[in-house]
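This is what each chain is made of:
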Amino acid sequence: MSTTRTPRSPAPRSRNTPVEEIVADLSKVPEDKRTAVRNNAGGHLNHTLFWESMGPNGGGAPSGDLGAAIDSTFGSFDDFKAALKDAGIKRFGSGWAWLVSKGGTLSIVSTANQDNPLSDGQTPLLGVDVWEHAYYLKYQNLRPAYLDAWWNTVNWETVAERFAAAR
């Protein structure tokens, strides 16, 4: 008589845990599974945020509280765009450039691979994928040109909703 065992999840309690909570505290993930969870859950979350932040009628500049906070923090919308572009250009290899909020304060960070700012206690508001797969077919090795064009897709309404929720 042979018995078939149902595989157990390494962390059964995480099955119904939102991905944001898992990524925010990777120390709760068993160490031997942590890299796989960071890469896969982080990749899922990062790409979800990325796609939700874009739209066919995107572009322009944010208004309202988000626009005011960007101007206050970075000096101007153009200075903000330059700083986010710089973070994306300087990310060696694969990764992301982010507008984040922590305690209501905006800043720009860059993460490697599929890491997410939540793991560092920051709330991601806007992220741009700077992995080559995001731009290579159209821009080849011209990451700066991709970053310039990407601004035409940003859905500021979605980013403003994230900003309001983070406050």
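Refer to the structure printed above.
Residues numbered from 1 in each chain as written. Predicted model: local features only at pLDDT ≥ 70, side-chain atom pairs only at ≥ 80, totals over all residues. Heavy atoms only, no water.

A few words on the packing of helix α3 (residues 64-74) against helix α7 (residues 156-166). Between two packed helices, what matters for the description is the angle formed by their axes and the separation of those axes. Relative orientation of the contacting elements α3 and α7 amounts to 80°, with a least axis distance of 8 Å. Here α7 runs roughly perpendicular to α3, going by the angle between their axes. The segment α3 lies against α7, with Asp 65, Leu 66, Ala 69 and Ile 70 engaging Trp 156, Val 159, Ala 160 and Phe 163. Across the contact of α3 with α7, the residue classes break down as 7 nonpolar, no polar and 1 charged. (Axes fitted to C-alpha atoms, helices over the stretch in contact; angles between N-to-C directions. Helix = DSSP H or I, 4+ residues; strand = E, 2+ residues; numbered from the N terminus. Parallel < 35°, antiparallel > 145°, perpendicular 65-115°, else oblique. Contact = heavy atoms within 4.5 Å. Nonpolar A, V, L, I, M, F, W, Y, C, P; charged D, E, K, R; others polar.)

Here the focus is α7. Taken together, the buried positions of α7 are Trp 156, Thr 158, Val 159, Arg 162 and Phe 163. The buried residues of α7 occupy one face: seen down the axis, they fall within an arc of 160°. Exposed side of α7, more than 90 degrees from the buried face: Glu 157, Ala 164 and Ala 165 are the residues found there. Between the side-chain oxygen of the N-cap and the backbone nitrogen of Glu 157 there are 3.1 Å, and the N-cap of α7 in question is Asn 155. (Buried < 20%, exposed > 50% of the residue type's maximum accessible area, 1.4 Å probe, protein only. Arc of directions from axis to C-beta. Polar contact = N/O pair within 3.5 Å; in protein donor to acceptor, adjacent residues only side chain to side chain.)

Attention shifts here to the sheet that holds strand β2 (residues 105-112). With respect to topology, 3 strands assemble into an open sheet ordered β2-β1-β3, the strand pairing being antiparallel. Each edge of the open sheet is held by one strand with a lone partner, namely β2 and β3 (123-129). Within the sheet, the average angular offset between the axes of one strand and its neighbour, ignoring direction, is 25°. Bridging between strand β1 (residues 95-102) and β2 involves 8 bridges; their strand directions are antiparallel. When the sheet's bridge partners are listed, Gly 95 is paired in β2 with Ala 112. (Pairing = 2+ DSSP bridges.)

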